[in-house]
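The residues making up each chain are set out below.
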Amino acid sequence: MEATLRPSPVLATVDYDRPGVQHGFLRLPYSRDDSAWGSVVIPITVIRGGEGPTALLTGANHGDEYEGPLALFDLAQTLRPDEVVGRVIIVPAMNYPAFLAGTRTSPIDRGNLNRSFPGRPDGSVTEKIADYFQRVLLPLADVVLDFHSGGKTLDFLPFCAAHILPGEGPEVRAQEERAFALVRAFAAPFSVRMLEIDAIGMYDTAAEEMGKVFVTTELGGGGTATARTVRIAREGLRRVLAAAGVTRGPGAPAPAPLPPTRWLDMPDADCFVFAEDGGLVEFLADLGDSVAAGDPVARLWPLGRTGVAPSELTAARAGVLCARHVPGIVKPGDCVAVLAVEVADASQLEGPGPRELEGVVP
């Protein structure tokens, strides 16, 4: 006999079907030393303008990544119902405890939200948040845009990305193509066919397995945001909503030409450079530089004594340096650098025209 899954303990103070704009909270009971009947309250905005597709927009899946929250708090304040064809659900800080603490994982239970799906309604705080997204919010969505950046331990070239999906058949390929159409619409300086080194328990995987059109970003890092990366996030977000058929501009003006983007591919595990030893890292290439196979990417200087030569970390394949470790001290097992292959096919580098973006959401 199958066990009955408990209902989610999360209470939404918004009505997902009500027309207009609602600003509210996802309230999760959390009894703690300083508040016996306390709660984790996660801000949420729902904007419904009529019948049409639903976009679920999320940031701070990891709490030390800031471009997404900045773009989404701004959108929640400025987007009007008369601009929305369907529905927009905005959660600027998914892992709200981590966001308040400025940490990748939750200070409550050390939970990494992006490794906690499908979650549990009777689990830890992080698992309960994941369960609510898995069982309530993701089923409502047609398109999911989840903002990421490097946080305090990585720095990225600013890119938007989608995944090559596992499985065969026309439905899988169509889902994949719709995701890459939205990557083109986002038009970040770089666009990536992304490989994950640890996809188990990810929000991405949960959405994709439901057949949702899922896109993500990596927009800088170092535990901060810049004027440039926030501008990329805000402008790309608006273009994705329009391309997905979720929003329309006043008078439906013709879309502006897309900014240029460089397409990168992450085809295999050779894209990742890991440290086997710890040390003080000296990078021998900067983000955006081209590296040949066998070239040294970084040196690791021993910390414990002088007079010892550094070890070198070399590239297993040629590519563009698209991510690097921060800060300057590396531990054994850390990912130090990520390489991606620039796609040379001109047809893949061209942004889609307005007609190609129609029907991104089925």
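Structure shown above.
So, how was this worked out
Residues numbered from 1 in each chain as written. Predicted model: local features only at pLDDT ≥ 70, side-chain atom pairs only at ≥ 80, totals over all residues. Heavy atoms only, no water. Patch = residues over 30% accessible without salt bridge, like charges linked within 9 Å, V, L, I, M, F, W, Y side chains within 5 Å. Areas by Shrake-Rupley, 256 points an atom, 1.4 Å probe, with all protein chains shown as cover. Salt bridge = Lys/Arg side-chain N within 4 Å of Asp/Glu carboxyl O. Helix = DSSP H or I, 4+ residues; strand = E, 2+ residues; numbered from the N terminus. Buried < 20%, exposed > 50% of the residue type's maximum accessible area, 1.4 Å probe, protein only. Pairing = 2+ DSSP bridges. Phe/Tyr/Trp six-rings, centres within 6.5 Å; stacked < 30°, edge-to-face > 60°. Contact = heavy atoms within 4.5 Å.

**With respect to a nonpolar patch on the surface**
So, point 1. Together, L280, W301, L303 and I329 give the surface a local cluster of nonpolar side chains, amounting to about 380 Å² of exposed area.
So, point 2. Tracing the sequence through the fold places W301 in strand β15 (residues 296-301).

**Remarks on the pairing of strand β17 (residues 319-325)**
So, point 1. Of all seven residues making up β17, six are buried, and the element is well covered by its neighbours.
So, point 2. The sheet contact formed by strand β7 (residues 154-156) and β17 spans three bridges and is antiparallel. Of the residues in β17, the one forming a bridge with D155 is R324.
So, point 3. Bridge analysis of strand β14 (residues 290-291) against β17 gives two bridges, and the strand direction is antiparallel.

**Thoughts on the packing of aromatic side chains**
So, point 1. The full count for this structure, using the stated rule, is ten aromatic pairs.
So, point 2. Between the aromatic rings of F117 and Y203, the centroid separation amounts to 5.3 Å while the plane-to-plane angle is 35°, which identifies the pairing as tilted. Linking F117 in the loop between α2 (96-101) and α3 (125-140) with Y203 in helix α5 (residues 203-209), this pair joins segments that are 86 residues apart in sequence.
So, point 3. Joined through ring pairs, the aromatic side chains of Y66, F73, Y96 and F99 make up one cluster.

**Some thoughts on the environment of A162**
So, point 1. Structurally, A162 is set in strand β8 (residues 159-163).
So, point 2. On the accessibility criterion, A162 (1% relative accessible area) is buried.
So, point 3. Residues A162 and V215, spaced 53 residues apart in sequence, show a C-alpha to C-alpha distance of 5.0 Å.
So, point 4. In this structure A162 touches A179, F180, V183, V192, R193, M194, F214 and V215, once residues within four positions along its chain are discounted.

**Some thoughts on the pattern of salt bridges**
So, point 1. Throughout the structure, instances matching the rule amount to 19 salt bridges.
So, point 2. Note that R87 and D17 form a salt bridge whose closest N and O atoms lie 3.3 Å from each other. With a gap of 70 residues between them, R87 in strand β5 (residues 87-91) and D17 in the loop between β1 (11-12) and β2 (20-29) connect regions that are remote in the sequence.
So, point 3. For E176, the salt bridge goes to R173, with nearest N and O atoms at 2.9 Å. One end of the pair, E176, and the other, R173, are both in helix α4 (residues 170-186), three residues apart, so they sit about a helical turn from each other.
So, point 4. The class of E176 is buried, set by a relative accessible area of 12%.
So, point 5. Overlapping salt bridges, with partners in common, bring together D17, R48, E51 and R87 in one network.

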